[in-house]
Amino acid sequence: MRTFDLAPLYRSAIGFDRLAQLLNDAQRGDAQPSYPPYNIELVSEDQYRIVMALAGFNRSEIDITSERDTLHIVGRKQRDGVERTYLHRGIAARDFEQRFQLANHVKVTGAAFDNGMLTIELVREVPEALKPRKISIDGTDNVTALEQRQAA
């Protein structure tokens, strides 16, 4: 018995549809495709890097789209029309689609393609209004004073 009924979550949680959908997808075993191989690196506390090995592709065959909370990478290999006979085919230059779910406030800042390696830079930018702030206990004017001291 490895299935869970998430119906109570849908009935009682408002605004958590995305979380419930992620749980449903994980439960169904919708695994990420293994092609092309990729690494996800933590560069610093709020910076990430995705590196994909795309042997045989060039820049014009790769499309990167960032929409809300999804990073979508598509590779469409152009056919050259030459019929080849392979004795061994180890380079799988086939079409692919790869999707990454991005956390809140994670933005794509750049992409580079060099020597068959696609590098995508990401950064988490939390707005000032959502960052935690220190509140003093002994007075209401201290809140603005603390914010002014931090800004200085």
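Above this text sits the structure in question.
Residues numbered from 1 in each chain as written. Predicted model: local features only at pLDDT ≥ 70, side-chain atom pairs only at ≥ 80, totals over all residues. Heavy atoms only, no water.

Another aspect to go through is the overall build of the protein. Looking only at helices and strands, the protein features 3 helices and 7 strands. Seen in sequence order, the protein has helices and strands lined up from the N terminus as α-α-β-β-β-β-β-β-β-α. Relative to its 152 residues, the protein shows a buried fraction of 21%. Of the roughly 11,900 Å² that the protein leaves accessible, carbon and sulfur atoms contribute 52%. (Helix = DSSP H or I, 4+ residues; strand = E, 2+ residues; numbered from the N terminus. Buried < 20%, exposed > 50% of the residue type's maximum accessible area, 1.4 Å probe, protein only. Areas by Shrake-Rupley, 256 points an atom, 1.4 Å probe, with all protein chains shown as cover.)

Time to look at the layout of surface pockets. As a volume, the largest pocket reaches approximately 350 Å³. Along the wall of the largest pocket there are 14 residues; nearest its centre are Asp80, Arg84, Tyr86, Arg89 and Ala93. Residues that form the lining of the largest pocket fall into these classes: 4 nonpolar, 3 polar and 7 charged. (1 Å grid on protein atoms, 1.4 Å probe; cavity = no way out; pocket = protein on both sides within 12 Å on 5 of 7 lines; lining within 4 Å. Points joined across faces, edges and corners; volume = space filled by probe spheres on them. Nonpolar A, V, L, I, M, F, W, Y, C, P; charged D, E, K, R; others polar.)

What follows concerns the sheet that holds strand 2 (residues 47-53). One open sheet holds the 4 strands; their spatial order is 1-2-7-6, and the pairing between them is antiparallel. The two strands at the open ends of the sheet, each matched to only one other strand, are strand 1 (38-44) and strand 6 (106-114). If you compare each strand with its neighbour and ignore which way they point, the axes differ by 20 degrees on average. In this sheet, strand 2 lies alongside strand 1 in antiparallel orientation, the contact comprising 6 bridges. Considered in strand 2, the bridge of Glu41 is made with Arg49. (Pairing = 2+ DSSP bridges. Axes fitted to C-alpha atoms, helices over the stretch in contact; angles between N-to-C directions.)

As a general point, the strands of a sheet are linked pairwise by backbone hydrogen bonds and lie either parallel or antiparallel. Spatially, 3-4-5 is the arrangement adopted by the 3 strands of the open sheet, whose pairing is antiparallel. Both edges of this open sheet fall to strand 3 (62-67) and strand 5 (96-101), since each of them pairs with a single strand only. For this sheet, the mean angle separating the axes of adjacent strands, direction not counted, is 10 degrees.

So, on to the pairing of strand 6. As defined by bridge partners, strand 6 adjoins strand 7 (residues 117-124) across 8 bridges and the pair is classed as antiparallel. Bridge pairing in strand 7 places Val108 opposite Leu122. Taking the residues that link successive antiparallel strands as the turn, the strand 6-strand 7 hairpin has 2 residues, and the phi of Asn115 there is positive, at about 55 degrees.

So, on to the packing of aromatic side chains. Going through the model one piece at a time under the given rule, you end up with 3 aromatic pairs. Relative to Phe100, the ring of Tyr38 has its centre 5.1 Å away and its plane inclined at 90 degrees; by these criteria the two rings are edge-to-face. With Tyr38 in strand 1 and Phe100 in strand 5, this pair connects stretches of sequence that are 62 residues apart. Since its relative accessible area comes to 7%, Phe100 is described here as buried. Plain terms: the ring middles of Phe57 and Phe96 are 5.5 Å apart, the flat faces sit at 80 degrees to each other, and that makes the pair edge-to-face. On the criterion of sequence distance, the pair formed by Phe57 in the loop between strand 2 and strand 3 and Phe96 in strand 5 is long-range, its members being 39 residues apart. Here Lys77 stacks its cationic end above the ring of Phe57, 5.5 Å away from the centre of that ring. Between Arg94 and the ring centre of Tyr35, over which it is positioned, the NZ or CZ distance is 4.1 Å. (Phe/Tyr/Trp six-rings, centres within 6.5 Å; stacked < 30°, edge-to-face > 60°. Lys NZ or Arg CZ within 6 Å of the ring centre and 35° of its normal.)

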